[in-house]
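Tertiary structure, described
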Amino acid sequence: MRKDHRPYWLKQWQLRLRKWRVRHFLLPEFDAIGCEPEIMDPGSVRLFGKNICVGDYPHLISTPDNCIRLTTLGHRGGDAFITIGDYVLISPGVRISAAESITIGDACMIAANVYISDSDWHGLYNRTRPFRCTAPITLGNNVWIGDSAIVCKGVSIGDNSVVGAGSVVTKSVPANTVVAGNPAREIKSINPRRRMITREALFADAFRQSHNMDGLDRMLLEGNSLRGWLRSVFFPRPGD
């Protein structure tokens, strides 16, 4: 569809239903999750294992055809941990798999189809034995991981750094650095003295942000009717 044909009241009802599904079905699967989680499709966020914790104001953009998967499967029978900070954006198709520990800082942005894993999951010479090579991963604050990038075991990425789309990160990245390629290499530096606006700024006034979004919905959906929406669903025509 080129346009959202839903009437305003219908979208609000669907949003309330989605929030209920999040509270009732998804949030109990986390060991801890902070305030105001925004989860686009709770049915396509898949968790496996324990010790999965998320901070305040997470934004998980999952879709039925491209799930977000968070998995902890402890190394040699021990515990594994996924710890995600505040204001983090996780996009469709992201997979985060921990055999030991993956820590993601505040205000990070993880683009679609990123894979982050702290283990090779099988030995190089004995491939029948799992968890042979495992080392923790740490992402600092305000890290941006580009589309379809892979972050491998033992990697630390410093604050404000950026990983280019499709990159494979096998070595640690200093703060304020842009890397790209396979294997990823430094291609640019970020000026640490220049003002950096992070996702945290979006939530400095959460009430005003919510009010603005509601006003935008009212404007975009003005004039829509239930009959028009049903017509667009069952009898679409050019321009819809």
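You'll find the structure just up there.
An account of the accompanying structure is given in this report. (Residues numbered from 1 in each chain as written. Predicted model: local features only at pLDDT ≥ 70, side-chain atom pairs only at ≥ 80, totals over all residues. Heavy atoms only, no water.)

Quick notes on the nonpolar core
- In this structure, Ile 96, Ile 116, Ile 145 and Ile 157 are the most contacted members of the largest nonpolar core, which totals 37 residues.
- At the level of elements, helix H1 (8-26), strand E3 (45-48), strand E4 (52-54), strand E6 (68-72), strand E7 (81-84), strand E9 (95-98), strand E10 (101-104) and strand E13 (137-139) are the ones that each hand at least two residues to this core. (Core = buried A, V, L, I, M, F, W, Y, C linked by side-chain atoms within 4.5 Å. Buried < 20%, exposed > 50% of the residue type's maximum accessible area, 1.4 Å probe, protein only. Helix = DSSP H or I, 4+ residues; strand = E, 2+ residues; numbered from the N terminus.)

Things to note about the sheet that holds strand E1 (residues 32-33)
- One open sheet holds the 6 strands; their spatial order is E1-E4-E7-E10-E13-E16, and the pairing between them is parallel. In the strand order of this sheet, the two ends are held by E1 and strand E16 (156-157), each with one partner.
- Summarising the sheet, E1 and E4 pair through 2 bridges and their orientation is parallel. When the sheet's bridge partners are listed, Ile 33 is paired in E4 with Val 54. (Pairing = 2+ DSSP bridges.)

Some details on the packing of H1 against helix H2 (residues 206-220)
- Close contact between H1 and H2 brings their axes to 9 Å; oriented N to C, the two are set at 140°. Between H1 and H2, the angle falls in the class oblique. Residue-level inspection shows Tyr 8, Lys 11 and Gln 12 of H1 in contact with H2, the latter providing Asp 214, Asp 217 and Arg 218.
- When its residues are assigned to classes, the contact of H1 with H2 shows 1 nonpolar, 1 polar and 4 charged. (Axes fitted to C-alpha atoms, helices over the stretch in contact; angles between N-to-C directions. Parallel < 35°, antiparallel > 145°, perpendicular 65-115°, else oblique. Contact = heavy atoms within 4.5 Å. Nonpolar A, V, L, I, M, F, W, Y, C, P; charged D, E, K, R; others polar.)

Considering the sheet that holds E9
- Here 6 strands make up an open sheet; going across it, the order is E3-E6-E9-E12-E15-E18 and the pairing parallel. Strands at the two margins of the open sheet, each flanked by one partner only, are E3 and strand E18 (168-169).
- As defined by bridge partners, E9 adjoins strand E12 (residues 115-117) across 3 bridges and the pair is classed as parallel. By the bridge assignment, Ser 97 is partnered in E12 with Ser 117.

Side note on the packing of aromatic side chains
- Overall, the coordinates contain 4 aromatic pairs when judged by the stated rule.
- Ring centres of Tyr 57 and Phe 203 lie 4.9 Å apart, and the angle between their planes is 25°; this geometry places the pair in the stacked category. Highlighted residues: Tyr 57 in the loop between E4 and strand E5 (59-60) and Phe 203 in the loop between strand E20 (185-189) and H2, separated in sequence by 146 residues.
- Taking relative accessible area as the criterion, Tyr 57 reaches 17% and is therefore assigned buried.
- One aromatic cluster is present, formed by Tyr 57, Tyr 87 and Phe 203 through successive ring pairs.
- A cation over a ring is seen here: Arg 95 above Tyr 115, with NZ or CZ 4.1 Å from the ring centre. (Phe/Tyr/Trp six-rings, centres within 6.5 Å; stacked < 30°, edge-to-face > 60°. Lys NZ or Arg CZ within 6 Å of the ring centre and 35° of its normal.)

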